[in-house]
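Listed below, chain by chain, are the residues.
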Amino acid sequence: MFLDANNIPYEPKYLDLLKGGHKTEEYKKISPPQIVPAIKQGDFKLFESVAILQYLAEKYSVPDHWYPKDLQKRARINEYLHWHHMNTRWKGGLLVMLKFVFLPHFMKVEVSAEDQKAAIEALKGTLDSFEKNFLKDNKFIGGDEITIADLMAIGELIAVDCLGIYVGKGRPKVEAWHNRCKEALGSHYDEAHKTLYQVGATLKASLSAPIDF
Amino acid sequence: MSKIDFYSHLASQPCRAVQIFLKMNNIPHEYHLIDLPKEEQTSEAYLKINPFGKVPAIKDGDFCVIESMAILQYLAAKFSTPDHWYPKDAAARAKINEYLNWHHSNTREGATGVFFNAVILPKIRHQPRNEEAITTAKTKLSAALDMIENYFLEGHSFISSNDISIADLFALCEFSQIERIGIDVGKKRPNIKAWRERVIAKIGSHYDEVHETIISFTKRIDLSTEPFE
């Protein structure tokens, strides 16, 4: 979404994760932990999406609002970006995907109903903190214009939409924020989420029961 | 310039990283002990500073910053600290950011996972040891150490760099925590062993000062060496 919204020229290299496309020796040379995403520019290689966004924002002199140079504005974005990993991701979107989809259906590892319920509760707790401490009364995270922090949050929180979990349900602030992000990103939002919704239909069908959220 | 208010307890790994940075850069600050054993972090007064009730936090005038890495990114810019701490060059900075972001669910999750489950849970909270959680954390820690040994330190004297940066402080302070239960991260990993010695040498006398709290804290508890390969 960031590359497209800023007209940064790039060559997409699609990796089929389900077929172990990220486990090749070739990809290991680009991303040693064999995780996605990664970028390569000549000899320069970089993994970790947050680091990638910070690098691109700087290198391509994108409009300031994406990652403001003002110290205080930037601090607010950085606060979110660090909190994101173990909260929005590991006590949020990714945890839910792990317990409802990746473990039971792709790795064939049994997950108890208790564990799944705990993942939903963790997501709810994270959403409460997200609203209260990061969105507050702002239009976006930490301010009134979209930033790389919003992109990271969208990535994790909207992923679960394909399973029928809409994080804006009962949370008008989150819903309004989501709509603002969609508006700010326009067609780039739809393009980036195409695959998710295509794969999502199959994932949702594989659930043993609709998720109570 | 007025002093930075620094809210901390030095039993915490990220607090130590921030403290080392403040000292090494002579940043004027006022230390506010947040008494973790007495749960001061959940007091109404502190929650106004950090609504998550965690340490560290700083206050620069009226402006609060939470999340230890965001704190150091802010201080490095505000005080124009020597470039090596958080380089301005986009590519060099990207490499430090790569480590910082990877650290959360790798180095920290592994090392803190071991310490929490082997020390805090059984010795402080008097709950039974969760062997499964310890094994999982050790596996995570081992993988993280391998990545640091073979990638982040490969061809560099410090993490992704040839000079010390904030990335090194965060890694070092996770390792000094598990050192209290006899885990020597450099035992089978020569790059890490040499790196650790280099970082401690750079930090100098601040290293021992900053570690006094965790050393005396763990001496008061009956701790045995935690097996780790």
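No experiment lies behind these values; they were computed from the predicted model shown. (Residues numbered from 1 in each chain as written. Chains lettered and ligands numbered in written order. Predicted model: local features only at pLDDT ≥ 70, side-chain atom pairs only at ≥ 80, totals over all residues. Heavy atoms only, no water.)

**A short note on the overall build of chain B**
Definition in use: Numbering of helices and strands starts at the N terminus; helices are DSSP runs of H or I of at least 4 residues and strands are runs of E of at least 2. Note that the radius of gyration is over C-alpha atoms, with the globule rule given as 2.2 Å times the number of residues to the power 0.38. Categorising residues by exposure relies on relative accessible area from a 1.4 Å probe, with only protein chains included: less than 20% of the type maximum marks a residue as buried, more than 50% marks it as exposed, and the intermediate range marks it as partly exposed. Any two residues having at least one pair of non-hydrogen atoms within 4.5 Å are treated as being in contact. Note on areas: Shrake-Rupley with a 1.4 Å probe; residue coverage comes only from the protein chains shown. We treat Lys and Arg as the positive residues and Asp and Glu as the negative residues; His and chain ends play no part in the count. All charge positions are set by atom: Lys at NZ, Arg at CZ, Asp at CG, Glu at CD.
When helices and strands are counted, chain B shows 8 helices and 4 strands. Of the regular secondary structure in chain B, the N- to C-terminal order runs β-α-β-α-β-β-α-α-α-α-α-α. Here the C-alpha radius of gyration of chain B, 17 Å, is about what a compact globule of 229 residues would show, namely 17 Å. With the principal axes as the frame, chain B shows a C-alpha extent of 50 × 45 × 30 Å. Looking at chain B as a whole, 56% of its 229 residues are labelled buried. Contacts in chain B between residues at least 24 apart in sequence constitute 71% of all its contacts with a sequence separation of at least 6. By element, 50% of the accessible surface of chain B is carried by carbon and sulfur atoms, the whole surface being about 9900 Å². Side chains of chain B carry 27 positive and 30 negative charges; the gap between the two charge centres is 2 Å.

**A closer look at the overall build of chain A**
Per the secondary structure count, chain A includes 8 helices and 2 strands. When the helices and strands of chain A are placed in sequence order, the string is α-α-β-β-α-α-α-α-α-α. For chain A, whose C-alpha radius of gyration is 18 Å, the value lies close to the compact-globule estimate of 17 Å for 213 residues. Expressed along its principal axes, the backbone C-alpha trace of chain A runs to roughly 45 × 45 × 30 Å. Counting across all 213 residues of chain A, residues that qualify as buried make up 46%. For chain A, restricting intrachain contacts to residue pairs at least 6 apart in sequence, the fraction spanning at least 24 positions comes to 63%. For chain A, the exposed area adds up to about 11100 Å²; of that, 52% sits on carbon and sulfur atoms. Of the charged side chains in chain A, 28 are positive and 28 negative, and the gap between their average positions amounts to 2 Å.

**Looking at the interface of chain A and chain B**
Let me state the cut-off plainly: The term buried area denotes the loss of accessible surface (1.4 Å probe radius) that occurs when two parts are joined, taken as the sum for both partners. Between Lys or Arg on one side and Asp or Glu on the other, a salt bridge is scored when a side-chain nitrogen of the former is within 4 Å of a carboxyl oxygen of the latter. Any pair of N or O atoms that falls within 3.5 Å is considered a polar contact. Within protein, one atom must be able to donate a hydrogen and the other to accept it, and sequence-neighbouring residues count only if both atoms are side-chain atoms. Just so you know the grouping, Ala, Val, Leu, Ile, Met, Phe, Trp, Tyr, Cys and Pro go in nonpolar, Asp, Glu, Lys and Arg go in charged, and all remaining residues, Gly too, go in polar.
Listed per partner, the contact involves 28 residues of chain A and 29 residues of chain B. Here chain A and chain B share an interface that buries about 2600 Å² over both sides, 66% of which is from carbon and sulfur atoms. The three residues of chain A that bury the most area against chain B are Leu 71, Glu 79 and His 82 of chain A, which together make up 23% of that side's buried surface. In this structure, the connection of chain A to chain B is made through 0 salt bridges. In this assembly, chain A and chain B are joined by 9 residue pairs in polar contact (both at pLDDT 80 or more). Elements with a contribution of two residues or more to the side of chain A that touches chain B: strand E2 (44-47), helix H3 (49-59), helix H4 (71-106) and helix H5 (113-135) of chain A. Considering every element that reaches the side of chain A that touches chain B, the biggest residue donor is H4 of chain A, with 13 residues. Considered class by class, the residues forming the side of chain A that touches chain B number 15 nonpolar, 7 polar and 6 charged.

**Examining the nonpolar core**
We apply this condition: By convention a nonpolar core is built from buried Ala, Val, Leu, Ile, Met, Phe, Trp, Tyr and Cys residues, the set being connected through side-chain atoms within 4.5 Å.
Ranked by size, the top nonpolar core spans 79 residues in total, and within it Phe 21, Leu 75, Phe 152, Ile 166, Leu 169, Ile 178 and Trp 195 of chain B carry the most contacts. With 10 residues, helix H4 (residues 90-124) of chain B is the single largest residue contributor to this core. Ignoring sequence-local partners within four residues, the contact set of Leu 75 of chain B consists of Ile 4, Phe 21, Leu 22, Ile 27, Ile 58, Ser 80 and Thr 81 of chain B. Judged by nonpolar contacts, the second largest core, of 58 residues, contains Phe 100, Cys 181, Leu 203 and Leu 207 of chain A.

**Digging into the pattern of salt bridges**
Residue and element names in this part refer to chain B. Under the criterion given, the structure shown has 23 salt bridges over all chains. Taking the shortest distance from any N to any O, the salt bridge between Glu 209 and Lys 23 comes out at 2.9 Å. Taken together, the residues span a long stretch of sequence, with Glu 209 in helix H8 (residues 205-219) and Lys 23 in helix H1 (residues 13-24) at a distance of 186 residues. For Glu 209, a relative accessible area of 33% translates into the label partly exposed. Salt-bridge contacts for Arg 129 lead to Glu 131; the nearest nitrogen and oxygen are separated by 2.7 Å. One network of salt bridges, with partners in common, ties together Arg 129, Glu 131, Lys 138 and Glu 226.

**A short note on a nonpolar patch on the surface**
Under the convention used in this document: Residues enter a patch when their relative accessible area is above 30% and they make no salt bridge; the linking distance is 9 Å between like charges and 5 Å between nonpolar side chains (Val, Leu, Ile, Met, Phe, Trp, Tyr).
A contiguous nonpolar surface patch, about 400 Å² in accessible area, is contributed by Leu 18, Phe 106, Met 107 and Val 109 of chain A. Mapped onto the secondary structure, Phe 106 of chain A falls in helix H4.

**Details of the confidence of the model for chain B**
Note the cut-off: Per-residue confidence from the predictor is reported as pLDDT, which spans 0 to 100.
Overall, the prediction assigns chain B a mean pLDDT of 97, with 100% of residues at 70 or greater. Quick note on the complex model: pTM equals 0.97, ipTM equals 0.97.

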